[in-house]
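Letter by letter, the chains look like this.
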Amino acid sequence: MALSPALRRAMLAAHIVCSVGWLGAAAAYLALAVAAEASTQPQVVRAAWIGMELSGWFVIVPLACLAFLTALVLSLGTPWGLFKHYWVVIALVLTTLSLAVLLLHMPSVSTAAGLAQTADDAAVRRLGGDVLHPAVGLLVLTVITVLNVHKPRGLTPYGQHKQTKEAKDSTNKGAPLQLSNRVNPQPGRRAPA
Amino acid sequence: MNDMKQQTGEPGPPSESRQEGRIRWIAGVPRWVKVFVITALGFVLLMVVAMLLSGGRHGPGRHFSSAGFEAPVVHSARAPSFISAGDASAPEG
């Protein structure tokens, strides 16, 4: 299941592109949402909602799905694992929640964008914006990014169990204990090649 | 009493009580994880309170309804999104 170094680097590059792209697209969505919320001009509100729907379905959702998938592949294909380190578990939970909220929320955005195109001016002004979702989303994505860059120490009970087991196995086979450090790549704080 | 002696007399993970195990597990959790979880719970609590104070109109259940937004009245048979706008403007028949 371990990825080759070349494949791992390619997957890491894809994951960074998708994750940072998701963050940037969410920031652009927030700008449109603020414009829709703050503006009293129906044309601005209409344009903002159309932009929010398009960027949501065609940029944010694909990038979020790809970021999630590449994260899964990277976790499972490297010694970091999915449940061995607290920071990976927390990042996984936050990413899954963000993706779920995004997918649940986008149909509502489509509904509002449809209304923005067909409703009269007074109704469009009452439509307002959608500031809360992208604002909280940006905060969560920033936290995930910080966790990924910083990689704080800490093995979960499962990670400790796996590390102990691998250390025992390598000792029984007569291999040097250094092998167990590959399972827990904490000292370098970088994903091992 | 005898059982208790047996429980406390044998050191090691198999004989430790559930509470001891829980305490040992919590003690083993890094401090940054505890701080993170407490902060996240505080943030979620804050969001829930804000939601309730604003009338409780927003929440996960909103996304399961047919129209998520409190939509204004639209005098149109369809409310197409931009994605399906081409279909809406196409001549019928």
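Each residue is numbered by its place in its chain's sequence as written, counting from 1. To read the labels, note that chains go from A and ligands from 1, taken in the order they are written. Selection of residues for local features in this predicted model requires a pLDDT of at least 70, selection of side-chain atom pairs for listing and counting requires 80 or more, and totals for whole chains, interfaces and linings are taken over all residues.

## Brief notes about the overall build of chain B
Right, on to step 1. Starting at the N terminus, helices and strands are each numbered in turn, a helix being any DSSP run of H or I of at least four residues and a strand any DSSP run of E of at least two. Per the secondary structure count, chain B includes 4 helices and 0 strands.
Right, on to step 2. If you list the helices and strands of chain B from N to C, you get α-α-α-α.
Right, on to step 3. Each residue is classified by how many other C-beta atoms fall within 10 Å of its C-beta atom, where C-beta atoms are placed from the backbone; a count of 20 or more means buried, 12 or fewer means exposed, and values in between mean partly exposed. Considering chain B as a whole, with its 93 residues, one finds that 4% of them fall into the buried category.

## So, the overall build of chain A
Right, on to step 1. Regarding its fold elements, chain A presents 7 helices and 0 strands.
Right, on to step 2. Starting at the N terminus and walking to the C terminus, you meet the elements of chain A as α-α-α-α-α-α-α.
Right, on to step 3. By definition, residues are in contact whenever their C-beta atoms, placed on the basis of the backbone, come within 7 Å of each other. Contacts spanning at least 24 positions in sequence make up 77% of the contacts within chain A whose residues lie at least 6 apart.

## Some thoughts on the nonpolar core
Residue and element names in this part refer to chain A.
Right, on to step 1. We call a set of buried Ala, Val, Leu, Ile, Met, Phe, Trp, Tyr and Cys residues a nonpolar core when their C-beta atoms link them within 7 Å. Trp22, Trp49, Met52, Ile60 and Ala116 are the most contacted members of the largest nonpolar core, which totals 33 residues.
Right, on to step 2. Breaking this core down by element, the ones donating at least two residues are helix 1 (5-38), helix 2 (42-77), helix 3 (86-118), helix 4 (121-127) and helix 5 (132-150).
Right, on to step 3. A per-element tally of this core places helix 3 first, with 11 residues.

## Concerning the domain arrangement of chain A
Right, on to step 1. One can read the domain layout of chain A as domain 1 (5-154) and domain 2 (156-186).
Right, on to step 2. All domain edges in this entry derive from an automatic or database-based domain assignment. The gap between the C-alpha centroids of domain 1 of chain A and domain 2 of chain A is 37 Å.

## Quick word on helix 3 (residues 31-53) of chain B
Right, on to step 1. An expected span of 1.5 Å times one less than the residue number is assigned to each helix. Relative to the 33 Å expected for 23 residues at 1.5 Å per residue, helix 3 of chain B spans 33 Å between its end C-alpha atoms, a close match to the ideal helical length.
Right, on to step 2. A small share of helix 3 of chain B lies buried, amounting to 0 of its 23 residues.

## Side note on unusual backbone geometry
All names here are of chain A.
Right, on to step 1. Phi is positive for Lys151, close to 50 degrees, though the residue is something other than glycine.
Right, on to step 2. If you trace the backbone, Lys151 turns up in the loop between helix 5 and helix 6 (157-172).
Right, on to step 3. Judged by the 19 C-beta atoms lying within 10 Å of it, Lys151 falls in the partly exposed class.

## Some words on the packing of helix 1 of chain A against helix 2 of chain A
Residue and element names in this part refer to chain A.
Right, on to step 1. Contact pair helix 1 / helix 2: the axes reach a minimum separation of 8 Å and the direction vectors enclose 155 degrees. By the angle between their axes, helix 1 is roughly antiparallel relative to helix 2. In the packing of helix 1 onto helix 2, the handedness of the crossing is left-handed. The axes are straight lines fitted to the C-alpha atoms, using for helices just the contacting stretch, and the angles between their N-to-C directions are given from 0 to 180°. Angles are sorted into four bins: roughly parallel if under 35 degrees, roughly antiparallel if over 145, roughly perpendicular if 65 to 115, and oblique for all others. In this scheme the handedness of a crossing depends on how the near helix is turned from the far one: anticlockwise by less than a right angle means left-handed, clockwise means right-handed.

## Some points on the environment of Gly24 of chain A
Right, on to step 1. Within the secondary structure, Gly24 of chain A is located in helix 1.
Right, on to step 2. Spatially, the C-alpha atoms of Gly24 of chain A and Ala119 of chain A are 30 Å apart, while their sequence positions differ by 95 residues.

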